[in-house]
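Structural description and commentary
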There are 2 protein chains.
Amino acid sequence: MKERTRTRPLPRQILSDSVYEAVKELVMDQHIEPGARVNIDQLARDLRVSPTPVREALARLEMDALVIKEPLRGYSIAPILDAAAFEQLYEVRGLIEPFAARRACERANRQLVTALHREIDAMQKTIDGLRPEKPRRYRDYREFAWEDARFHEAIAVASGNELLGETLSRLRSHLHLYRLYYATGIGPETVAEHEAIVTAIAAHQPEAAAAAMAEHIKRSQGRQRHAFER
Amino acid sequence: MKERTRTRPLPRQILSDSVYEAVKELVMDQHIEPGARVNIDQLARDLRVSPTPVREALARLEMDALVIKEPLRGYSIAPILDAAAFEQLYEVRGLIEPFAARRACERANRQLVTALHREIDAMQKTIDGLRPEKPRRYRDYREFAWEDARFHEAIAVASGNELLGETLSRLRSHLHLYRLYYATGIGPETVAEHEAIVTAIAAHQPEAAAAAMAEHIKRSQGRQRHAFER
DNA sequence: GGCCTCAATATACTATAGGATATTGGCATT
DNA sequence: AATGCCAATATCCTATAGTATATTGAGGCC
């Protein structure tokens, strides 16, 4: 009975969870402006729920640094990444992600490589969907960012160190970068760099994998940094 | 007016915050057993508050991975670090903390060095307070662990990368290690290793600082690992 | 005119109550 | 005796209401 069907506890939805996701969406897509105050009662009315689950969701979002709580004054939407925070984020990513890539490479098997290739293909598809005549839409960037997040998460998971994955995940890199809403990240460069990483992993060369990841992070930083130029 | 008194928003206490801290204490000191279920109503009665702020506190504690939520079933206390999680924690610390030490060293000034020395002195005091005739109490280790946390946090802050500090802080290393509650005679060695780190920082030798921190983490891991032997 | 005071309103915070789901124990059936 | 069904209880989850604090605006004072 070694290979029985994996039965997981089915994911029940509690209002608090739904509200959490809903507000996260609102914040990410800037339906609520950064820095704006969040009126709990108003938000509850909008979502057609009572303030109680809203408060619970906000308490969790505060841990994600997506909202900021000032006691007895209420919550406000966290400001967008400024230049300093941007550099800090990439410094941390540049430290952790290459390490994760190295570990993942050391433990890599055929399944991982195919899985990563699938992720790359999916990302390529989001690019192919774009045509020069159609202006890039917000939705496109969203898709792309989502695929990018999946790729990096897959490598973090493959590192075998769950805490490492957790740590990276808690940075909420893609969420914060997505809020910058700077679409130059979209492009073949990203795909090519991802492929370089997977190539190194497939070749079982941990150092090369780490180097490829470091290079990718660095270049990604360079691309996104333009968001702060004027 | 450059040097006016730093006026910060004064820290208001909200019930929710108090409950958060109270439950954290309970978990850390094992007044609630790991794995045990947490009855919200009961806990609210014990703390003489209503369930509402308790729920809010638990929601935040879940983000800290100190409690685990199962929808419609309730919360339970997170299990103690097992051997695998322990190794993972130290792997992550071993990656991040030396980097923080290097950065801190690069930006170090006289103030930082004196501040770190003060932390070391404070830690030394917690050791001196111990006398062989008195059995080591639980309280003593608590003090010691807290001082250790302060030292590491000071270096993380000094790195200049706030996100790095946040990332380390969110690991809740000392909290989880404290829960293992296994530490005998680790005082003097820890102090010595901390001093080695500060020495390197004072000498403005970033690589040496990173190496000293790496060594410290490695040795600390070796000391604490005994908790899993039997 | 600027600043302080104070009342009115808005909003956050907590408590309480009611509905929904899970858990437990007993009873019946095989 | 073991298993399945069902009712009773416990517990979580959500909504509502009341209290406390902050914010806003107008009026008075210097």
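Right above here is the structure, for reference.
Residues numbered from 1 in each chain as written. Chains lettered and ligands numbered in written order. Predicted model: local features only at pLDDT ≥ 70, side-chain atom pairs only at ≥ 80, totals over all residues. Heavy atoms only, no water.

1. A look at the overall build of chain A
Along its length, chain A carries 10 helices and three strands. Its helices and strands in sequence order give chain A the pattern α-β-α-α-β-β-α-α-α-α-α-α-α, from N to C terminus. Looking at the 230 residues of chain A, the share that counts as buried comes to 48%. A total of about 12600 Å² of accessible surface is found on chain A, and carbon and sulfur atoms cover 51% of it. (Helix = DSSP H or I, 4+ residues; strand = E, 2+ residues; numbered from the N terminus. Buried < 20%, exposed > 50% of the residue type's maximum accessible area, 1.4 Å probe, protein only. Areas by Shrake-Rupley, 256 points an atom, 1.4 Å probe, with all protein chains shown as cover.)

2. Let's talk about the environment of tyrosine 90 of chain A
Residues and elements named next belong to chain A. With respect to the helices and strands, tyrosine 90 occurs in helix 4 (residues 83-106). Residues tyrosine 90 and lysine 218 lie 128 residues apart in sequence; the distance between their C-alpha atoms is 7.8 Å. Those residues in contact with tyrosine 90, other than ones at most four positions away along the chain, are Leu177, Ile217, Ser220, Gln221 and Gln224. (Contact = heavy atoms within 4.5 Å.)

3. Concerning the sheet that holds strand 2 (residues 67-70) of chain A
All names here are of chain A. Strands sit in the order 1-3-2 across an open sheet of three strands; the sheet is antiparallel. The open sheet is flanked by strand 1 (37-38) and strand 2, the only strands paired with a single partner. Where strand 1 lies against strand 3 (residues 74-77), two bridges are found, and the strand directions are antiparallel. The residue of strand 3 that forms the bridge with valine 38 is tyrosine 75. (Pairing = 2+ DSSP bridges.)

4. Let's talk about helix 3 (residues 51-63) of chain A
For the α-helix, the turn length of 3.6 residues means that residues three or four positions removed from each other point alike. Residues and elements named next belong to chain A. Between the first and last C-alpha of helix 3 there are 19 Å, a value that for 13 residues agrees with the 18 Å anticipated at 1.5 Å per step. All buried positions along helix 3 are accounted for by Pro53, Val54, Glu56, Ala57, Leu58, Ala59, Arg60, Leu61 and Met63. The first or second residue beyond helix 3 is alanine 65, which carries a positive phi of 65°. (Expected span 1.5 Å × (residues − 1).)

5. A word on the relation of the copies chain B and chain A
Each copy of the sequence occupies a distinct position, and chain B is placed on chain A by a rotation of 180° and an axial shift of 0.1 Å, giving an RMSD of 0.3 Å. With respect to symmetry, the two chain copies, as superposed, fit the operation of a two-fold axis. A high fraction, 97%, of the interface residues of chain B reappear at the interface in chain A, so the copies pair face to face through one surface. (Least-squares fit on C-alpha atoms with pLDDT ≥ 70 in both.)

6. Looking at the side chain of serine 76 of chain A
Among the secondary structure elements, serine 76 of chain A is positioned in strand 3. Here serine 76 of chain A is in contact with Gly35, Ala36, Arg37, Val38, Val67, Ile68 and Glu70 of chain A, once residues within four sequence places are set aside.

7. Let's talk about the layout of surface pockets
Residues and elements named next belong to chain B. Taken as a whole, the second largest pocket encloses approximately 960 Å³ of empty space. Lining the second largest pocket are 27 residues; nearest its centre among them are Trp146, Ala149, Glu153, Ser169 and His174. Among the elements of the structure, helix 1 (15-28), helix 6 (138-158), helix 7 (162-171) and helix 8 (173-180) are those that each provide at least two residues to the lining of the second largest pocket. Per-element tally for the lining of the second largest pocket: the top contributor is helix 6, with 10 residues. Taken together, the residues of the lining of the second largest pocket break down into nine nonpolar, seven polar and 11 charged. Residues from two domains meet in the lining of the second largest pocket; each of domain 1 (15-77) and domain 2 (83-228) gives at least three. (1 Å grid on protein atoms, 1.4 Å probe; cavity = no way out; pocket = protein on both sides within 12 Å on 5 of 7 lines; lining within 4 Å. Points joined across faces, edges and corners; volume = space filled by probe spheres on them. Nonpolar A, V, L, I, M, F, W, Y, C, P; charged D, E, K, R; others polar. Domains from an automatic or database assignment.)

8. Topic: the protein's contact with DNA strand D
Taken together, 20 residues form the shell around DNA strand D, and within it Leu15, Ser50 and Arg73 of chain A together with Arg12 and Leu72 of chain B come nearest. Of all atoms in DNA strand D that approach within 4 Å of the protein, 86% are sugar or phosphate atoms. Isoleucine 40 of chain B places a main-chain nitrogen or oxygen 3.1 Å from a phosphate oxygen of DNA strand D. Considering every element that reaches the surface near DNA strand D, the biggest residue donor is helix 3 of chain A, with three residues. Residues that form the surface near DNA strand D fall into these classes: 10 nonpolar, five polar and five charged. (Near = heavy atom within 4 Å. Polar contact = N/O pair within 3.5 Å; in protein donor to acceptor, adjacent residues only side chain to side chain.)

9. Quick notes on helix 5 (residues 110-128) of chain B
All names here are of chain B. With 19 residues, helix 5 extends 27 Å from end C-alpha to end C-alpha; this agrees with the ideal 27 Å at 1.5 Å per step. Along helix 5, the residues that are buried comprise Leu112, Val113, Leu116, Glu119, Ile120, Met123, Thr126 and Ile127. All buried residues of helix 5 project into a common sector of 135° when viewed along the axis, lining one side. Looking at helix 5, the residues exposed on the side facing more than 90 degrees away from the buried face are Arg110, Gln111, Arg118 and Lys125. (Arc of directions from axis to C-beta.)

10. Let's talk about the side chain of glutamate 193 of chain A
Tracing the backbone through its elements, the reader meets glutamate 193 of chain A in helix 9 (residues 188-202). Beyond its immediate stretch of four places on either side in the chain, glutamate 193 of chain A contacts His216, Arg219 and Arg223 of chain A.

11. Some details on the pairing of strand 2 of chain A
Residue and element names in this part refer to chain A. In strand 2, alternate side chains face the same way, and those of Val67 and Lys69 are buried while those of Ile68 and Glu70 on the opposite face are not. Where strand 2 meets strand 3, four bridges bridge the pair, whose relative direction is antiparallel. Bridge pairing links lysine 69 to tyrosine 75 in strand 3.

12. Notes on the sheet that holds strand 2 (residues 67-70) of chain B
Reading across the sheet, the three strands line up as 1-3-2 (chain B) and stay open at both edges, with antiparallel pairing between neighbours. Since the sheet does not close on itself, it has two edges, and those belong to strand 1 (37-38) and strand 2 of chain B, each with one partner.

13. Side note on the protein's contact with DNA strand C
Taken together, the neighbourhood of DNA strand C is formed by 20 residues, with Arg12 and Leu72 of chain A together with Leu15, Ser50 and Arg73 of chain B sitting nearest. In the interface set of DNA strand C, defined as its atoms within 4 Å of the protein, sugar plus phosphate atoms amount to 86%. Between a phosphate oxygen of DNA strand C and a side-chain N or O atom of asparagine 39 of chain A, the distance comes to 3.2 Å. At 2.4 Å, a backbone N or O of leucine 15 of chain B approaches a phosphate oxygen of DNA strand C. Only helix 2 (40-47) of chain A together with helix 1 and helix 3 (51-63) of chain B provide two or more residues apiece to the surface near DNA strand C. Looking at which element gives the most residues to the surface near DNA strand C, the answer is helix 3 of chain B, with three residues. For the surface near DNA strand C, the per-class residue count stands at 10 nonpolar, five polar and five charged.

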